[in-house]
Amino acid sequence: MTLKFELGPGRMIGGSNPCFIIAEIGQNHQGDIEIAKKMIKMAKDCGADCAKFQKSELEYKFNKRALERPYTSKHSWGKTYGDHKRHLEFSHEQYRELQKYAKEVGIFFAASGMDEMAVEFLDELDVPFFKVASCDANNFPYLELTARKGRPMVISSGMQSMATMRRVYQTVKEHNRNFTILQCTSAYPLDPEDVNLRVIAEYQKEFPDIPIGYSGHESGVHISVAAVALGAKVIERHVTLDKSWKGSDHEASLEPSELTELVKAIRLVERSLGTSIKQMLPCEKPCHDKLGKSVVAKVAIPKGTVLSMDMLGVKVGEPKGVPPEDIYQLVGKSVTEDVEEDESITPDVVESYGKKIKC
């Protein structure tokens, strides 16, 4: 059973451990390493656990025609898609610089390896875990190669079916037991009707021995917080410094104030989940002392009388008497003292009752 494991040095996920919050910077840095550093610092300041990027070796991720096709979108950074992607891609040396900066700031640094060669580089970089993007969730040679590296894995599941995700689970599990699957819908921004948080529960049933998480592309923070209430142990959200910037991901990203709100809300929800044991808590005692009801006498009941239901009522009584849930246990028992009308019936005056008052 690996319902919990170490995702990064000293940081466990799953079980009762805090939700691991990934701030997905992706390529929202606009190709500027100084902006990327500001975003790493922002992620740390907002309380996220990890700042994550997307690493591609473009000639291995795209074929030649894909790189050469014209790219005329308002979000384009070049005349062709290859030019656009090259503008946004950091070099290996820049990745080392960003990793060093993240270490100085005190936040985990990771990246999605968007192709096999990118995975090799990230392995060399010694990232704490591999992130598998949704577009590679059904890329089984890639999954096998990545799983064999032995690092923990975080696998998004956008654009996939349950049948495919069962294969993903089996494929990765054969080589690596430390992984988590994230419910995800690959649309930017994502409409609430297409989020399908109920898949989290299905994943928990299908894959009971791994933590389940959520990668969201919706607007706002409420849906991601709900995912945590449903048991998500990892949350990934795209982040930006400005939603109006060029780039298709910015609109579906969280600005610093929203990321801060998300982290605070998740930590509050985690506290509120508490225990599954239902019992009266010490914090409820003042309310119980003030408003908790007791069994009272509807009529005067002489000593030795055998109690019947028509003699008994329920009111807020002083002193506290027999609790209402035990009223039927009193029927057929006799009282050992006179009880005045409207007085509390206390346990000590009922023969063979002997139950202590709850407090």
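Look above for the structure.
Residues numbered from 1 in each chain as written. Predicted model: local features only at pLDDT ≥ 70, side-chain atom pairs only at ≥ 80, totals over all residues. Heavy atoms only, no water.

## Re the overall build of the protein chain
Then step 1. The helix and strand inventory of the protein chain stands at 13 helices and 12 strands.
Then step 2. A compact globule built from 359 residues would reach a C-alpha radius of gyration of about 21 Å, whereas the protein chain, at 30 Å, exceeds it by more than 25%.
Then step 3. Seen through its principal axes, the protein chain has C-alpha atoms that stretch 100 × 40 × 40 Å.
Then step 4. A total of 359 residues make up the protein chain; the buried ones form 50% of that total.
Then step 5. Pairs at least 24 apart in sequence give 65% of the contacts found in the protein chain among residues at least 6 apart.
Then step 6. As displayed, the protein chain offers around 17600 Å² of accessible surface, 51% of which is attributable to carbon and sulfur atoms.
Then step 7. Across the protein chain, the centroid of the 48 positively charged side chains sits 2 Å from that of the 52 negatively charged ones. (Helix = DSSP H or I, 4+ residues; strand = E, 2+ residues; numbered from the N terminus. Rg over C-alpha atoms; globule rule 2.2 N^0.38 Å. Buried < 20%, exposed > 50% of the residue type's maximum accessible area, 1.4 Å probe, protein only. Contact = heavy atoms within 4.5 Å. Areas by Shrake-Rupley, 256 points an atom, 1.4 Å probe, with all protein chains shown as cover. Lys, Arg positive; Asp, Glu negative; His and termini not counted. Charge placed at Lys NZ, Arg CZ, Asp CG, Glu CD.)

## So, a nonpolar patch on the surface
Then step 1. A cluster of nonpolar side chains, namely M309, Y328 and V331, defines an oily patch on the protein surface of about 310 Å² accessible area.
Then step 2. By the element assignment, V331 lies in the segment after α13 (327–330). (Patch = residues over 30% accessible without salt bridge, like charges linked within 9 Å, V, L, I, M, F, W, Y side chains within 5 Å. Salt bridge = Lys/Arg side-chain N within 4 Å of Asp/Glu carboxyl O.)

## Here we look at helix α5 (residues 92–105)
Then step 1. Along its 14 residues, α5 runs 20 Å from first to last C-alpha, staying within 8% of the 20 Å computed at 1.5 Å per residue.
Then step 2. Taken together, the buried positions of α5 are occupied by Y95, L98, A102 and V105. Down the axis of α5, the smallest arc covering the buried residues is 85 degrees, so these residues share one side. Counted as exposed and oriented over 90 degrees from the buried face of α5: E93, K100, K103 and E104.
Then step 3. Against the buried residues of α5 lie α1 (33–46), β4 (50–55), β5 (108–113) and α6 (116–125).
Then step 4. Of the residues trailing α5, G106 is marked for its positive phi of about 95 degrees. (Expected span 1.5 Å × (residues − 1). Arc of directions from axis to C-beta.)

## What about helix α11 (residues 256–273)?
Then step 1. Taking 1.5 Å of rise per residue, 18 residues should cover 26 Å, and α11 covers 26 Å from first to last C-alpha, within 8% of that figure.
Then step 2. For α11, the complete set of buried residues consists of E258, L259, L262, V263, I266 and V269. Angularly, the buried residues of α11 cover 140 degrees about the axis, an arc narrow enough to put them on a single face. Turned more than 90 degrees away from the buried face of α11, the exposed residues are S257, K264, L268, R271 and S272.
Then step 3. At its buried positions, α11 is contacted by β3 (20–26), α1, α10 (222–229) and β10 (234–238).
Then step 4. Downstream of α11 by one or two residues, G274 has phi in the positive range, about 55 degrees.

## What to know about the pattern of salt bridges
Then step 1. Enumeration over the complete set of coordinates arrives at 26 salt bridges.
Then step 2. Close ionic contact of E93 with R96 constitutes a salt bridge, the shortest N to O distance being 3.7 Å. Taken together, the residues E93 and R96, both in helix α5 and 3 residues apart, mark about one turn of the helix.
Then step 3. Taking relative accessible area as the criterion, E93 reaches 53% and is therefore assigned exposed.
Then step 4. Accessibility expressed as a relative area gives 31% for R96, which makes it partly exposed.
Then step 5. Salt bridges linked by common partners bring E120, D123, D126, K149 and R151 together as one network.

## Quick notes on a negative patch on the surface
Then step 1. On the surface, E337, D338, E340, E341, E343 and D348 cluster together into a negatively charged patch.
Then step 2. Within the secondary structure, E337 sits in the segment after α13.
Then step 3. Its relative accessible area of 41% is what places E337 among the partly exposed residues.

## Some details on the nonpolar core
As a rule of thumb, nonpolar side chains are buried together in soluble globular proteins.
Then step 1. Formed by 64 residues in total, the largest nonpolar core has its most connected members in F53, M153, I181, Y214 and I235.
Then step 2. In terms of residue count, α1 provides more of this core than any other element does, 8 residues in total.
Then step 3. Ignoring any residue separated from it by four or fewer positions in sequence, one finds M153 in contact with F130, V132, L143, T146, A147, V172, N176, N178, F179 and T180. (Core = buried A, V, L, I, M, F, W, Y, C linked by side-chain atoms within 4.5 Å.)

Interpretation note: all reported values are geometric properties and have no functional meaning in isolation.
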